[in-house]
Amino acid sequence: MKSFIFHNTTKIIFGKNQISEITNNIPKDSKVLVTYGGGSIKNNGVYDQVKTALKDFDWDEFSGIEPNPQYDTLVKAVKKVKEEGFNYLLAVGGGSVIDGTKFISAASLFEGENVWDICEKFAPVTKAVSIGCVLTIPATGSESNCGSVVSKGDDKLFFSSPLVRPQFAVLDPATTISLPERQTANGVIDAFVHTMEQYCTYQTNSKVQDRYAEALLMTLIEEGPKALKNPNDLETRANIMWAASQALNELIAVGVPQDWATHMIGHEITGLYGVDHARTLSIVYPAVMSVCRKEKEGKILQYAQRVFNITSGSSDDIIDMAITKTKEFFKAMGVPVSLSEVNLGEKDIEAILKNLSSHNRLPLGEHGKIDLETAREILKTAL
Ligand code: NZQ
Ligand code: ZN
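Just so it is clear, the structure is predicted and the values come from calculations on it, not from any experiment. Along each chain, numbering runs from 1 in the same order as the chain's sequence is written. Following the order in which they are written, the chains are lettered starting with A and the ligands numbered starting with 1. With the structure being a predicted model, the display of local features is reserved for residues of pLDDT at least 70 and the display and counting of side-chain atom pairs for 80 or more, all residues being used for whole-chain, interface and lining totals. Hydrogen atoms and water are omitted, and side-chain values are computed over all heavy atoms in the structure.

Novice: What is the right way to look at a nonpolar patch on the surface in this model?
Specialist: To count toward a patch, a residue needs a relative accessible area above 30% and no salt bridge. Like charges then connect within 9 Å, nonpolar side chains (Val, Leu, Ile, Met, Phe, Trp, Tyr) within 5 Å. Surface accessibility follows the Shrake-Rupley procedure with a 1.4 Å probe radius. Residue values consider only the protein chains on display as shielding. Salt bridges, as used here, are contacts in which a Lys or Arg side-chain nitrogen is within 4 Å of a carboxyl oxygen on Asp or Glu. The grouping of Met-1, Phe-4 and Phe-6 at the surface amounts to a nonpolar patch, some 310 Å² of accessible area in total. For the purposes of this entry, the term helix denotes a DSSP run of H or I that reaches at least four residues, the term strand denotes a run of E that reaches at least two, and both are numbered from the N terminus. Looking at the element boundaries, Phe-4 is found in the segment before strand S1 (11–14). Exposure classes here rest on a 1.4 Å probe applied to the protein chains alone. A residue is buried below 20% of its type maximum, exposed above 50%, and partly exposed in between. Note on Phe-4: relative accessible area 41%, which makes it partly exposed.

Structural data, given as C-alpha cells:
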C-alpha cells in the first residue's frame, strides 16, 4: 500500500426529510445562488423543500444546467455570480448540476484571462465560492469529491480542486424515487465502474480497500435490479445512494493504483456522440477487462471469486466467466454492452482515438501502457 493522506471534508447529511438541514449548514449572512437543471426538482417536490429551508436567506436561482453541463450555460451563471455578488452556491440535482456548479464556483473567482483554461490547461484554482448540494441521482460521487467534468463543443474535460469540494451534501433517498428507469440504471452502472476503476488493477495487498470495494460492487449488483423492479422501495434507494457516494469519495482510492481508461475513452464517446456517460462505461469496460486481462489477471480472479463466487476453471476461463457475469449484470440493468447498440461502429473508432490523442489522454491505465493501438483494440473489442 502506498502512503496517503485522506481528508474528505464534505459533511454528509443522509436520510429522509433531511433537506431542511440546509438551513443549519449555510452561514446565515450568505447570499445564496441555487443552481439546478431542467426542472425535475420542480416535479418531485425537492425545489419546494429547498425553498422552505432557505426562507430566511437572501437567495436567487439559476436553472437550465444540462446533462453533461455545457460551458456556454455555465458562464452565464458566472456572470450572474459576479454581477450580483453571490457568495454561496447550492447545487440541487445530479452530477451534471453539481459538476457545473463546481465550475461556476472556480470560474467566478478565477483571475486568469480565460476561464476555460481551468479545464483545458489545468490552470490552478486558487479561490472558489463555497458550495453545498442536494443530490438527486446516486451516480457520480460528485457530491463529496473534488472533480468536475464540463463540456464545450466536442470537448468533455475534467478539472479537480479541493476548493470546489462541497461543504455539505444532503442525500435523501426519497428524492431518487422520481428517477426515470434510465437514470436509475445509469447511476448504478457509473458507481459500479468507478469502483472497478479503483479496484481492478493489480495486487498491492491493500485488504481494506479491496474488501470495501467488493462490498460496494456486491451491493450494487444486489440492489440495482431491485430498484428497477420496485422503484418506490426506499431501503433499496438508500443502499444505492450510500454505495454510489462512497464509490467515488476517495476512500477506496487511497494507497492503491487506479485505472480510469474506461472513463477517458467514455468521455470522448459522450463528447462526440452524446451517449449517456454511464452507457459509454458499460460498453467500454468489458472490453478493457478482456484486452487488459494479463495486466489485471490477479484482480479479475479475485473479483470472480469474491463477487461472483466463481471458483473453478483455468485462469482464462475464470476471466471469461467474470466478463460474462459483468455483462449480464449490465444487461439486467438495461444498459448497452456494445458500440453497435448505440449505433456506433468501426467507422467511428478513429474519431474517438483522434480526440483521445488531441486531449493528451494517452497513455492510459494503471500501468500507463494503453497507447493508441491498445485503445483501438479496446474499441474494436467493444463493437
Ligand atoms: O436536469 P433535470 O431536470 O434535473 O433532470 C436530470 C437529467 O435530465 C434527471 N434527474 C436528476 N435527478 C432526478 C432526475 N429526474 C427525476 N428525478 C430525479 N431525482 O436526470 C438527468 C441526468 O442528470 P445528470 O446530472 O446528468 O446525471 P448524473 O448524475 O449521472 O451525472 C452525469 C455527469 O457527471 C459526470 C458525467 O461525465 C456527466 O457529465 N461525472 C462526474 C464525475 C465527478 N464529478 O466526479 C465522475 C463521473 O465519472 C462522471 O464523469
Ligand atoms: Zn463515471
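Novice: It is not clear to me how the packing of aromatic side chains should be interpreted in this structure. Could you clarify?
Specialist: To describe a pair of aromatic rings, one takes the distance between the centres and the angle between the planes. Note on aromatic pairs: the rings of Phe, Tyr and Trp (six-membered ring only in Trp) are paired at centre separations within 6.5 Å, and the planes decide the class, stacked below 30 degrees, edge-to-face beyond 60, tilted for the rest. Counting across every chain of the model gives 10 aromatic pairs. Judged by centre distance (5.3 Å) and plane angle (70 degrees), the ring pair of Tyr-71 and Trp-116 falls under edge-to-face. Placement of the pair is Tyr-71 in helix H4 (residues 71–84) and Trp-116 in the loop between helix H5 (95–108) and helix H6 (117–120), with a sequence separation of 45 residues. Assessed through its relative accessible area of 13%, Tyr-71 is described here as buried. For Trp-116, a relative accessible area of 2% gives the class buried. For the pair Phe-192 and Phe-330, a centre-to-centre distance of 5.7 Å together with 90 degrees between the ring planes defines the contact as edge-to-face. Of the two residues, Phe-192 is situated in helix H7 (residues 181–199) and Phe-330 in helix H13 (residues 315–332); the sequence distance between them amounts to 138 residues. We note that Phe-192, like Phe-330, is buried. An aromatic cluster is present here, built from Tyr-71, Phe-103, Trp-116 and Phe-159 joined pairwise through their rings.

Novice: What should I look at first to understand the site of ligand 1 in this one?
Specialist: We call a residue near a molecule or strand when any one of its heavy atoms sits within 4 Å of it. Residues in close proximity to ligand 1 total 32 residues, the closest being Gly-38, Ser-40, Gly-95, Ser-96 and Asp-99. Interatomic distance of 3.0 Å between a backbone N/O atom of Gly-39 and an oxygen atom of ligand 1. By the criterion applied in these results, polar contacts are pairs of N or O atoms within 3.5 Å in which, for protein atoms, one can donate a hydrogen and the other can accept it, and in which residues neighboring in sequence qualify only through two side-chain atoms. A distance of 3.1 Å is found between an oxygen atom of ligand 1 and a side-chain nitrogen or oxygen belonging to Asn-68. Burial of ligand 1 by the surrounding chains reaches 89%, relative to a free accessible area of 960 Å². Counting residues per element, the ones that place at least two in the shell around ligand 1 are H5, strand S6 (147–152), H7 and helix H10 (261–273). Classification convention: Asp, Glu, Lys, Arg as charged; Ala, Val, Leu, Ile, Met, Phe, Trp, Tyr, Cys, Pro as nonpolar; all other residues, Gly among them, as polar. Of the residues that constitute the shell around ligand 1, the class distribution is eight nonpolar, 21 polar and three charged.

Novice: Mind showing me how you'd approach the packing of helix H12 (residues 297–308) against H13 here?
Specialist: Inter-axis angles, ranging from 0 to 180 degrees, are taken between N-to-C directions of lines fitted to C-alpha atoms, where helices are fitted over the stretch in contact. The geometry of H12 relative to H13 is characterised by a closest axis approach of 9 Å and an angle of 60 degrees between their N-to-C directions. With respect to H13, the element H12 is oriented oblique. By crossing handedness, the relation of H12 to H13 is classed as left-handed. Residues Glu-297, Ile-300, Leu-301, Tyr-303, Ala-304 and Phe-308 of H12 pack against Ser-315, Ile-318, Ile-319, Ala-322, Lys-325 and Thr-326 of H13. Residues of the contact of H12 with H13, tallied by class, amount to eight nonpolar, two polar and two charged. Angles are sorted into four bins: roughly parallel if under 35 degrees, roughly antiparallel if over 145, roughly perpendicular if 65 to 115, and oblique for all others. Helix crossings get a hand from a simple test, with the near helix turned counterclockwise from the far one by less than a right angle marking a left-handed crossing and a clockwise turn marking a right-handed one. A contact between two residues is defined here by any heavy atoms of the two lying within 4.5 Å.

Don't take any of this as a statement about function, it's just geometry.
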